[in-house]
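Each chain, written out:
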Amino acid sequence: MVNSKEESTTKKDLLIVGFLCNWCSYGGADTAGVCRFHQPTDLRIIRIPCTGRMDPLFVIKALIYGADGVLVSGCHPKDCHYNEGNFYARRRLEVLKQFLPFMGIHADRFRYTWVSSSEGQLWQQVVTEFSETIHGLGSNPGVQGESDAKAMISFF
Amino acid sequence: MSEKIFIAQSELTAMLERLSKEMDVWVPVEMGDEKWGVRFLPYHRDNVVVLGRQSTLSPKNVVFPQVETLLRFRYQKDDHDPSKQSIDLKDLQDVSSALVFGARPCDVRGFLTFDQVFLKGRYKDPYYAQRREKTLFATVLCDTKDSACFCSSVGSGPGDREGSDLWMVPVDDGYVIEALNDKGRKLIPIMGKPATPEQIEKAQRVQEQVTAKPIGEYNLTQSAGDFTGRFEDMDYWRDRVSKCISCGICTFVCPTCYCFNITDESRDLEGERIRSWDSCMFYHYTLEASGHNPRPEKFERYRNRVGHKFSYFPDAYNGMISCCGCGRCIRSCPVSIDIRKIVHHLKEAVDADN
Amino acid sequence: MMEDKVKTLQKEFLNVFEKLEVVLGWEPGYDSLHATPSFIREAEDLNKLVWNPLCSQNLCTYLVKTLNVRVRENDKKIGICVKGCDSRSLVALIQEKFVPREALYIVGIPCEGTVDWRRLMRFEPSLKDVQKLHIQGPELAVETAQKTYRFPLQHVLEQRCLHCRYPNPIIYDGLAGEPVTPRVGDDQVYGDVEKIEQYSLPDRLKFWEKELDRCIRCYACRNACPLCICRDSCIAETRTPKWLAQRCDLKEKFFYHMIHAMHLAGRCTECGECERVCPVEIPVTLIKKKLNQIVKELLDYEAGIDPQKQPPLLTFDPSEKGI
Ligand code: SF4
Ligand code: SF4
Ligand code: SF4
Ligand code: SF4
Ligand code: SF4
């Protein structure tokens, strides 16, 4: 196994956007932090109320504009704070995951998982794995336009 | 006259190659393998140049790009006093000179319409002016009309040279090319060898033959009053235009539609102000900040399109129709709305009512 | 044969005309190679209606966006002609409660395919003044005063028709013509999608970059789509929140098409209108078809087939495994 600790300190950071539900995964990430589990540093977390709010277009926009990876995480199915949000989410997100390669975007750049707020350990594992996958894929060129404004307006 | 040259179809590529060393050369090319549509793109030797049919999209984007940067800005925060900031602005950028090769008379007439608005009015649009000044048109005498063409109905015609810098007449598997002004004359030596007297004579005959046959069965130049008379006849518009889906294709492919929108696209401390094509067929075109929309219905928007081209514009600009009769809006309309018929019937219906 | 269909069609509407507000059908277009949608409001105009392989427009798009059928002023119905694919759009609109079934009087037309005008022109650029045009077995027969042309259907039909599984209307009140046999078997339906999937990942991206680069963002694909029902509030045009910039670069175009596709996931009825109307001939239906294939395999659902079912992305199932 690669020693992820050393890896992440030597490797250039990539940009991973994490959409985490307020009630479980955001808490999970917090738990991981409080317990001082070592985590890769290329994740930028955006807190969402529920994965049911997770519009697949958030993921698409991030990937088109050059985010290297997108991670969505919420409560385990049947544990949704709003009962059913993640039931909707998993259908949408799975469809999205299968769809991305058709447009030429690597499916591994997107992952969705379920992590509860007590699962700090699991969170560390998920993030580390995902970060490794993304480093394996390298940086994402995004969709290449020929816009003259490209250099100036970079959304990420 | 020595100014006329002949270029064989087979030498076209070499000629375009030579020209493209001097300036940006825009040519009509196929949209892709097995595609019928044609658009203007900067010349590239791998592209198939199509002169045998009208381009699907007009070359208006050469002078009036779909998106044009008007200015760029960047805010700078004062390091010592964050409440203060300065702004860097960069506006008008230089553009290179360009040649539109293989335009048609209707395409060029589009720019004559633009000129009225952007150059001849009280204000001169510097962005347009600069490109217009630097763009030349090598126009081909049009002998390939189809069922949607009606340039003669609006006061132009397949042999109309107005606005062109070079004039090309198809003869003998090639073109006799002639300069119509000094700008065009400068290019002649780069383009090819002098034409033979026979070729010139043949070109003359082709020109006469083509101009002898007007394109389009109606005369639509005097429709301003008919339009005003029909304006409030909702049934007229609803009956004919209910099928419009308000897609705006007609205005985007149109050589004379010039409406635009200006937006600031920025992120953090920098951004740009751009001008992009707009269309009166869009709901948002007339949407007011209050939420009120004076043209909520599709047929009302279409009515504006007809009115602008055949009534408001001629009223404002000495009777000039802001429709060049290219038929693009008819050909590309997904529901085949025919603007000729709609304008023509304005009149008929007025007559019948009297 | 075709003439009979037209007669039946007209008769179907005539019989119930006093109960109808308007009839949506097709009439001859600006030349002999085009038909155009027709809104018939008087019984005597019914004889304008035609049916032939040029009747390509999907009229269902008017039900929500032009006529707003859900809000009715009286109990009069809307008469509408539908081909097989159009009828799927109808079913989908009924499923999603945008159009009440009882507001419609539907005449279905078993369909052998419609002609893609641009493909026809590619095949025979000089074609004009057509007197008659009909499908005969594997060919399109086109009669002009001088001669009869015969074109292989493979080269002149709309892409949607080459992969059509549902040429026969799914719901209708009256049927004009005998049911026809679908052109392809279930295994060939996604042939066009699979062709793209043979490319490597970077090549697919290149393919789409090249195709979508032509897009002029007129949004005709959206306006023509019977299931794009946001009327004038599409997120492609809102500024708050701002999803898309006005700049017409490839990223924006790419994103717009992903938006369109995602909003149609599990809802698209493969009528192919988005592709047919595109002025720059981008094969945009393919994108939606891929999503349909995913939805079919993952959630065992096909849009616009069963009026009782719910589109799968608008609902959920707690018991499902593997996702
Ligand atoms: S192209 Fe046709 S349908 Fe589209 S806005 Fe113009 S007239 Fe309407
Ligand atoms: S108002 Fe409409 S018809 Fe007139 S130029 Fe603008 S877009 Fe074209
Ligand atoms: S997709 Fe099928 S039903 Fe629709 S027009 Fe083509 S053949 Fe007819
Ligand atoms: S119809 Fe074609 S050009 Fe217009 S927005 Fe859709 S894909 Fe782009
Ligand atoms: S996305 Fe295209 S094929 Fe699907 S329903 Fe809409 S118009 Fe038809």
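Residues numbered from 1 in each chain as written. Chains lettered and ligands numbered in written order. Predicted model: local features only at pLDDT ≥ 70, side-chain atom pairs only at ≥ 80, totals over all residues. Heavy atoms only, no water.

## Concerning the site of ligand 4
Part 1 of the argument: By nearness alone, every residue bordering ligand 4 is listed as Cys215(C), Ile216(C), Arg217(C), Cys218(C), Tyr219(C), Ala220(C), Cys221(C), His257(C), Cys278(C), Pro279(C), Val280(C) and Ile282(C).
Part 2 of the argument: Considering only residue class, the shell around ligand 4 consists of 10 nonpolar, one polar and one charged. (Near = heavy atom within 4 Å. Nonpolar A, V, L, I, M, F, W, Y, C, P; charged D, E, K, R; others polar.)

## Here's the deal with the interface of chain A and chain C
Part 1 of the argument: Counting from both sides, the interface comprises 37 residues of chain A and, opposite them, 43 residues of chain C.
Part 2 of the argument: Carbon and sulfur atoms supply 71% of the area buried between chain A and chain C, which totals about 3800 Å² over both sides.
Part 3 of the argument: Linking chain A with chain C are two salt bridges, by the criterion used here.
Part 4 of the argument: The partner of Glu320(C) in a salt bridge is Arg90(A), and the shortest N-O contact between them spans 4.0 Å.
Part 5 of the argument: For the interface between chain A and chain C, the tally reads 10 residue pairs in polar contact (both at pLDDT 80 or more).
Part 6 of the argument: Going through the elements one at a time, α3 (56-64) and α4 (85-99) of chain A are the ones with two or more residues in the side of chain A that touches chain C.
Part 7 of the argument: Per element, the largest residue contribution to the side of chain A that touches chain C is 10 residues, and it comes from α4(A).
Part 8 of the argument: A breakdown of the residues in the side of chain A that touches chain C according to their chemical character gives 19 nonpolar, seven polar and 11 charged. (Contact = heavy atoms within 4.5 Å. Buried area = accessible area lost by both parts, 1.4 Å probe. Salt bridge = Lys/Arg side-chain N within 4 Å of Asp/Glu carboxyl O. Polar contact = N/O pair within 3.5 Å; in protein donor to acceptor, adjacent residues only side chain to side chain. Helix = DSSP H or I, 4+ residues; strand = E, 2+ residues; numbered from the N terminus.)

## Comments concerning the site of ligand 3
Residue and element names in this part refer to chain C.
Part 1 of the argument: Residues in close proximity to ligand 3 include Lys83, Gly84, Cys85, Cys111, Gly113, Thr114, Arg160, Cys161, Cys164, Tyr166 and Pro167, which together make up its full environment.
Part 2 of the argument: Residue assignment for the shell around ligand 3 shows that the elements contributing at least two residues are α3 (84-95) and α6 (159-162).
Part 3 of the argument: Looking at the shell around ligand 3 residue by residue, the class counts come to six nonpolar, three polar and two charged.

## Let's talk about the sheet that holds strand β2 (residues 43-48) of chain A
Residues and elements named next belong to chain A.
Part 1 of the argument: The strand order across the open sheet formed by four strands is β2-β1-β3-β4, and the pairing between neighbours is parallel. Lying at the two open borders of the sheet, with one neighbouring strand each, are β2 and β4 (110-114). Geometrically, the sheet is characterised by an average inter-axis angle of 20° between neighbouring strands, direction not taken into account.
Part 2 of the argument: Where strand β3 (residues 69-74) and β4 come together, five bridges link them in parallel fashion. Across the sheet, leucine 71 pairs through a bridge with arginine 111, a residue of β4. (Pairing = 2+ DSSP bridges. Axes fitted to C-alpha atoms, helices over the stretch in contact; angles between N-to-C directions.)

## Notes on a nonpolar patch on the surface
Part 1 of the argument: A surface patch of nonpolar side chains, about 350 Å² in accessible area, is lined by Tyr75(B), Ile87(B), Leu89(B) and Leu269(B).
Part 2 of the argument: Mapped onto the fold, Leu89(B) is located in strand β5 (residues 85-90). (Patch = residues over 30% accessible without salt bridge, like charges linked within 9 Å, V, L, I, M, F, W, Y side chains within 5 Å. Areas by Shrake-Rupley, 256 points an atom, 1.4 Å probe, with all protein chains shown as cover.)

## Here we look at α3(C)
Residue and element names in this part refer to chain C.
Part 1 of the argument: In this model, α3 (12 residues) spans 17 Å end to end at C-alpha, consistent with the 16 Å of a helix rising 1.5 Å per residue.
Part 2 of the argument: Among the 12 residues that make up α3, 12 are buried, leaving the element largely enclosed by the rest of the structure.
Part 3 of the argument: For α3, every residue scored as buried is listed here: Gly84, Cys85, Asp86, Ser87, Arg88, Ser89, Leu90, Val91, Ala92, Leu93, Ile94 and Gln95.
Part 4 of the argument: Where α3 is buried, its residues meet β1 (20-28), α2 (61-65), β3 (77-82) and β4 (104-108).
Part 5 of the argument: One or two positions beyond α3, positive phi appears at lysine 97, with a value near 65°. (Expected span 1.5 Å × (residues − 1). Buried < 20%, exposed > 50% of the residue type's maximum accessible area, 1.4 Å probe, protein only.)

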